[in-house]
Amino acid sequence: MNDALTAEVLRNALVVTAEEASVVVVRSAYSTFIVEGSDASAAVLDVRGRLIAQSMATTLMNSMALKVALPFLLADHPPATMAPGDAYVMNDAYRGGVHTNDLLVYRPVFVEGEPAYLTATMIHVSDLGGLSAGGMAPLATDIFLEGLQLPPVRLATAEGIVPAVEAILRANSRTPDKVMGDVRALLAGTAVAAARLSCLVTEYGAAGLAEGIDAYLDYTEARTRAALAELPRGRFTASYPIDDDGLHPGRPHTVRVTVTLPTHGTEAPQPDTGRSRVRGSAERGEGGGGASAGAPVVVDFEGTGPQVPAAINSSASQSMAAAVFAVRCFLDPTIPMNDGCLRAIDVRLPVGSLLNATPPHPCGGRFVPIYAAMEAVFQALSEAVPERAIAASGILQPFSIAAVGAPYWIHLSYDFGGVGARRGLDGPDATGVHFGIGRNSVPQAEPVETRCPMIVESVETIPDSGGPGTFRGGLGSRTVLRFLAPCHVTTRGDRLSLAPQGREGGLPGRLGGFYRRHPDGTLERLPSKANNVRFEEGEAFVVETTGGGGLGPPLSRDRALVEADLRAGLITEQGARRDYGLVIPAASPARPGRS
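Predicted, not measured: the structure shown is a model, and the values here were computed from it.

Colleague: Looking at this structure, I do not really get the overall build of the protein chain. What am I missing?
Modeller: Regarding its fold elements, the protein chain presents 12 helices and 21 strands. Against the globule reference of 25 Å for 595 residues, the protein chain gives a C-alpha radius of gyration of 24 Å, in line with a compact fold. Seen through its principal axes, the protein chain has C-alpha atoms that stretch 80 × 60 × 45 Å. Roughly 21,000 Å² of accessible area belongs to the protein chain as shown, and the carbon and sulfur atoms make up 55% of that amount. Here the protein chain contributes 51 positive and 62 negative side-chain charges, whose respective centroids are spaced 3 Å apart.

Put into structure tokens, the structure is as follows:
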């Protein structure tokens, strides 16, 4: 397929195929978190295990899971055993999955009578058991406490959902009707994507579509390698700490990385196969025939702390996603995300480490180590490419709120910290770094109040929470939820003890936290990782997120920018004086925070 215009049309058609599937899942799901938060992902893959396209709203965490898990599915259910109408489901964290509540659903697409492609969807379903409702088990010591585990199993045939599988899912959920509604939404998404892909087969022909996909992946690989070739050569190391594991306060855990940007044409460092496993496509020889050659960038996490019997470990797919995302942040943002990109990035994860857990270590708290991994790569590449440097960021703070008994209602949400300042730019406020989830994952106030016995009293940014600097860190946020009935609150946070650091003289971001507000207005700080804390009617749950670090000395910040921040309520008068040396006339009025 040499016609550039035709190739571009096909590329976009493949992405739209995945995007339409994710939209169908959101529109069809039962769980509030999906319907209101749009937290759904979809992808198009092939029986060779290649990621061809992902939906535009899909996070790399999810599409990487759909890719990495696929070979395990095909090993248990070879293509020759598949039939039209079949669909499969799994959530096995040790075979490419994420954690127990994230269901991965695949549907084979037949071409000339044989499975050639697979459409896939994924969401966090409302509940599949475990210590806490909604898949939150921050104090789990093994994966069995996190919920139901599913190996790759046939979920549906042409006749519908397999009754035995439905029975198992229902029996292991506090909200069985919602879970099965979510499962049917996942199936609907794969069916729509399969229909669109079949139309592309008809339009381009089986051989034409296959040729076009190969060209698309080669095109992506060539662009990725060209962008990597623009970076300076060398080895760059960094590390990032984790607050705690929730069970042993003060016990240190650290993620370490070495990023090697080899000279074009040189050999990449070889992994220690006794301790590490290569997760990138380049090692498996999956490159296409037309892409440029050369050693890939190597992202090696040797030296990362060992896995622990606590919920701060990650599955391999999630850690791979963190590394790939972090590298891509330093490349051309228009490069597509598919298997072609992965051929140029060699991610090495020590088996049995925080980033590559083995059974039965829990993986539900995977965002804690993988965001540390992402941050470590950011800091390593900020040394390599200082003109694109970024300070450390506040991250998402997940929590769940659930009824204390049947009938169960569940509210899942995240609030986001401020992003670190970047070279020449202040950090965005309360958005988090969008590797995991974006702001669309925070449900709106009205639907929450309609479906759950609570009132969203306020959502606002916190003045002075962004790390001061020549370029200011993004602000954290404060959310207040007042309860109209008793409930259980579960928290899973990090960067609430160890502040995100600034760079080059910039200061750290302000620490956030989880709090109980008593009826008399007093605040009680909760642990960052707490399980089923009971709240009574009239009490409020307060979530404050951590701000991002600043970049450059605060006293070097342009005075006009400091004054603009003060007028906008991003900093207080006290902060302007203390952090930036701004002299303020005594009559100047105080400035409130933004709501």
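Colleague: Explain helix H12 (residues 573–580) to me, please; I cannot follow it from the model alone.
Modeller: Buried residues of H12: Glu573, Gly575, Ala576, Asp579 and Tyr580, and no others. Here the buried residues of H12 occupy an arc of 165 degrees about the axis, which is enough to place them on one side. With respect to the buried face of H12, the exposed residues turned more than 90 degrees away are Gln574 and Arg578. Tucked into the core, H12 has its buried residues touching helix H11 (559–568). Two residues or fewer after H12 comes glycine 581, characterised by a positive phi angle close to 70 degrees.

Colleague: How should helix H7 (residues 316–328) be read in this particular structure?
Modeller: The α-helix advances 3.6 residues per turn, and as a result positions three or four apart in sequence lie on the same side. Over its 13 residues, H7 runs 18 Å from end to end, which matches the ideal 18 Å to within 8%, given 1.5 Å per residue. Most of H7 sits inside the fold, with 13 of its 13 residues counted as buried.

Colleague: Is there a simple way to explain the state of the cysteines in this structure?
Modeller: Under the counting rule described, the total for this entry stands at 0 disulfides. Free of any disulfide, cysteine 329 has its nearest cysteine sulfur in cysteine 341, 11 Å distant.

Colleague: It is not clear to me how the sheet that holds strand S1 (residues 40–46) should be interpreted in this structure. Could you clarify?
Modeller: By way of backbone hydrogen bonds, the strands of a sheet pair with one another, either parallel or antiparallel. Sheet architecture is open: 7 strands sit in the order S2-S1-S5-S4-S3-S6-S7, paired in antiparallel fashion. The open sheet has two free edges, formed respectively by strand S2 (51–54) and strand S7 (160–161), since each of these has just one partner strand. With 10 bridges connecting them, strand S4 (residues 102–111) and strand S5 (residues 114–124) associate as antiparallel partners. Residue pairing for S5: proline 108 is matched across the bridge by leucine 118. Most of the contacts of helix H1 (residues 4–28) go to S1, to which it runs at about 140 degrees, and overall it touches S1, S2 and S5. Helix H5 (residues 176–204) contacts S1, strand S3 (87–90), S4, S5, strand S6 (153–157) and S7 of the sheet and is inclined by roughly 30 degrees relative to S4.

Colleague: How do you make sense of the packing of aromatic side chains when you look at a structure like this?
Modeller: Any pair of aromatic rings gets described here by the distance separating the centres and the angle formed by the planes. Using the criterion set out here, one finds 8 aromatic pairs in the structure. Measuring from centroid to centroid gives 6.3 Å for phenylalanine 330 and phenylalanine 378, while their planes differ by 55 degrees, and the two rings are tilted. In this pair, phenylalanine 330 is assigned in the loop between H7 and helix H8 (339–342) and phenylalanine 378 in helix H9 (residues 367–384), connecting sequence segments 48 residues apart. Using a relative accessible area of 3% as the deciding quantity, one classes phenylalanine 378 as buried. A ring pair is formed by tyrosine 414 and phenylalanine 416, whose centres lie 6.3 Å apart and whose planes are at 45 degrees; its orientation type is tilted. Here the two residues tyrosine 414 and phenylalanine 416 agree in accessibility, since each one is buried. Members of the aromatic cluster, connected to one another through ring pairs, are Phe399, Phe483, Phe514, Phe535 and Phe541. Above the face of the tyrosine 219 ring, arginine 11 is positioned so that its terminal group lies 3.8 Å from the ring centre.

Colleague: Quick question: what am I supposed to make of the sheet that holds strand S20 (residues 529–535) here?
Modeller: Spatially, 4 strands are ordered S14-S13-S17-S20 in an open sheet, and the strand pairing comes out antiparallel. Where the open sheet ends on each side, the last strands, each with one partner, are strand S14 (410–415) and S20. Averaged over neighbouring strand pairs, the angle between their axes works out to 15 degrees when direction is ignored. Inspection of the sheet shows strand S13 (residues 397–402) paired to S14 by 6 bridges, in the antiparallel sense.

Colleague: Please explain the pattern of salt bridges as it appears in this structure.
Modeller: If the charged atoms of two oppositely charged side chains come close together, the side chains can form a pair. Per the stated rule, a full pass over the model turns up 40 salt bridges. Glutamate 536 serves as the salt-bridge partner of arginine 534, at 2.8 Å between the closest nitrogen and oxygen. Between glutamate 573 and arginine 577 there is a salt bridge, with its nearest N and O atoms 3.7 Å apart. Note that glutamate 573 and arginine 577 are positioned in helix H12 at a spacing of 4 residues, about one turn of the helix. By relative accessible area, which is 15% here, glutamate 573 ends up buried. One continuous salt-bridge network, built from bridges that share partners, spans Asp426, Asp429, Arg472, Arg557 and Asp565.

Colleague: How should I be thinking about the packing of helix H4 (residues 163–171) against H5 in this particular structure?
Modeller: Two measures define how a pair of helices packs: the angle their axes make with one another and the distance between the axes. It is at 8 Å that the axes of H4 and H5 come closest, and there the two elements cross at 135 degrees. Classed by the angle they form, the pair H4 and H5 counts as oblique. For the element pair H4 and H5, the recorded crossing hand is right-handed. Here H4 contributes Glu166, Leu169 and Arg170 to the contact with H5, which in turn contributes Pro176, Asp177, Met180, Val183 and Arg184. When the residues that make up the contact of H4 with H5 are grouped by side-chain class, the tally is 4 nonpolar, no polar and 4 charged.

Colleague: What should I look at first to understand the pairing of strand S19 (residues 523–526) in this one?
Modeller: Successive residues of a regular strand alternate their side chains across the two faces of the sheet. The pairing of strand S18 (residues 513–517) with S19 spans 4 bridges and is antiparallel. When the bridges of S19 are listed, arginine 516 appears paired with glutamate 524. In sequence, S18 turns back onto S19 through a hairpin of 5 residues, with glycine 521 there showing a positive phi of about 95 degrees.

Colleague: When you look at the confidence of the model for the protein chain in this model, what are you seeing that I'm missing?
Modeller: Where the model shows low pLDDT, its predicted coordinates should not be examined in detail. Overall, the prediction assigns the protein chain a mean pLDDT of 91, with 91% of residues at 70 or greater. Across residues 273–292, where pLDDT falls below 50, the model places 54 contacts with residues more than four positions away in sequence or in other chains.

Colleague: Whenever I open this one, the environment of glycine 303 confuses me. Can you help?
Modeller: Positionally, glycine 303 belongs in the loop between strand S11 (297–300) and H7. Note on glycine 303: relative accessible area 42%, which makes it partly exposed.

Colleague: Would you mind going over the side chain of arginine 107 with me for this structure?
Modeller: Its location among the elements puts arginine 107 in strand S4. One polar contact links arginine 107 to threonine 190, side chain to side chain, over a distance of 3.0 Å. Residues contacting arginine 107, with those up to four places away along its chain left out, are Gly85, Asp86, Ala87, Tyr117, Leu118, Thr119, Leu187, Thr190, Ala191 and Ala194.

Colleague: What exactly am I supposed to notice about the packing of H1 against helix H6 (residues 206–229) here?
Modeller: At their nearest, the axes of H1 and H6 sit 10 Å apart, and the two run at 90 degrees to each other. With respect to H6, the axis of H1 lies roughly perpendicular. Contacts between H1 and H6 involve Leu10, Arg11, Leu14 and Val15 from the first element and Leu209, Gly212, Ile213, Tyr216 and Tyr219 from the second. Within the contact of H1 with H6, the residues separate by chemical class into 7 nonpolar, 1 polar and 1 charged.

Colleague: Looking at this structure, I do not really get the environment of proline 407. What am I missing?
Modeller: Secondary-structure assignment places proline 407 in the loop between S13 and S14. Here proline 407 falls in the exposed class, since its relative accessible area comes to 71%. Proline 407 sits 358 residues away from glycine 49 along the chain, and the two C-alpha atoms are 42 Å apart.

Reading guide: rules and limits
Residues numbered from 1 in each chain as written. Predicted model: local features only at pLDDT ≥ 70, side-chain atom pairs only at ≥ 80, totals over all residues. Heavy atoms only, no water. Helix = DSSP H or I, 4+ residues; strand = E, 2+ residues; numbered from the N terminus. Rg over C-alpha atoms; globule rule 2.2 N^0.38 Å. Areas by Shrake-Rupley, 256 points an atom, 1.4 Å probe, with all protein chains shown as cover. Lys, Arg positive; Asp, Glu negative; His and termini not counted. Charge placed at Lys NZ, Arg CZ, Asp CG, Glu CD. Buried < 20%, exposed > 50% of the residue type's maximum accessible area, 1.4 Å probe, protein only. Arc of directions from axis to C-beta. Contact = heavy atoms within 4.5 Å. Expected span 1.5 Å × (residues − 1). Disulfide = S-S within 2.5 Å. Pairing = 2+ DSSP bridges. Axes fitted to C-alpha atoms, helices over the stretch in contact; angles between N-to-C directions. Phe/Tyr/Trp six-rings, centres within 6.5 Å; stacked < 30°, edge-to-face > 60°. Lys NZ or Arg CZ within 6 Å of the ring centre and 35° of its normal. Salt bridge = Lys/Arg side-chain N within 4 Å of Asp/Glu carboxyl O. Parallel < 35°, antiparallel > 145°, perpendicular 65-115°, else oblique. Left-handed = near helix turned anticlockwise from the far one by under 90°. Nonpolar A, V, L, I, M, F, W, Y, C, P; charged D, E, K, R; others polar. pLDDT = per-residue confidence, 0-100. Polar contact = N/O pair within 3.5 Å; in protein donor to acceptor, adjacent residues only side chain to side chain.

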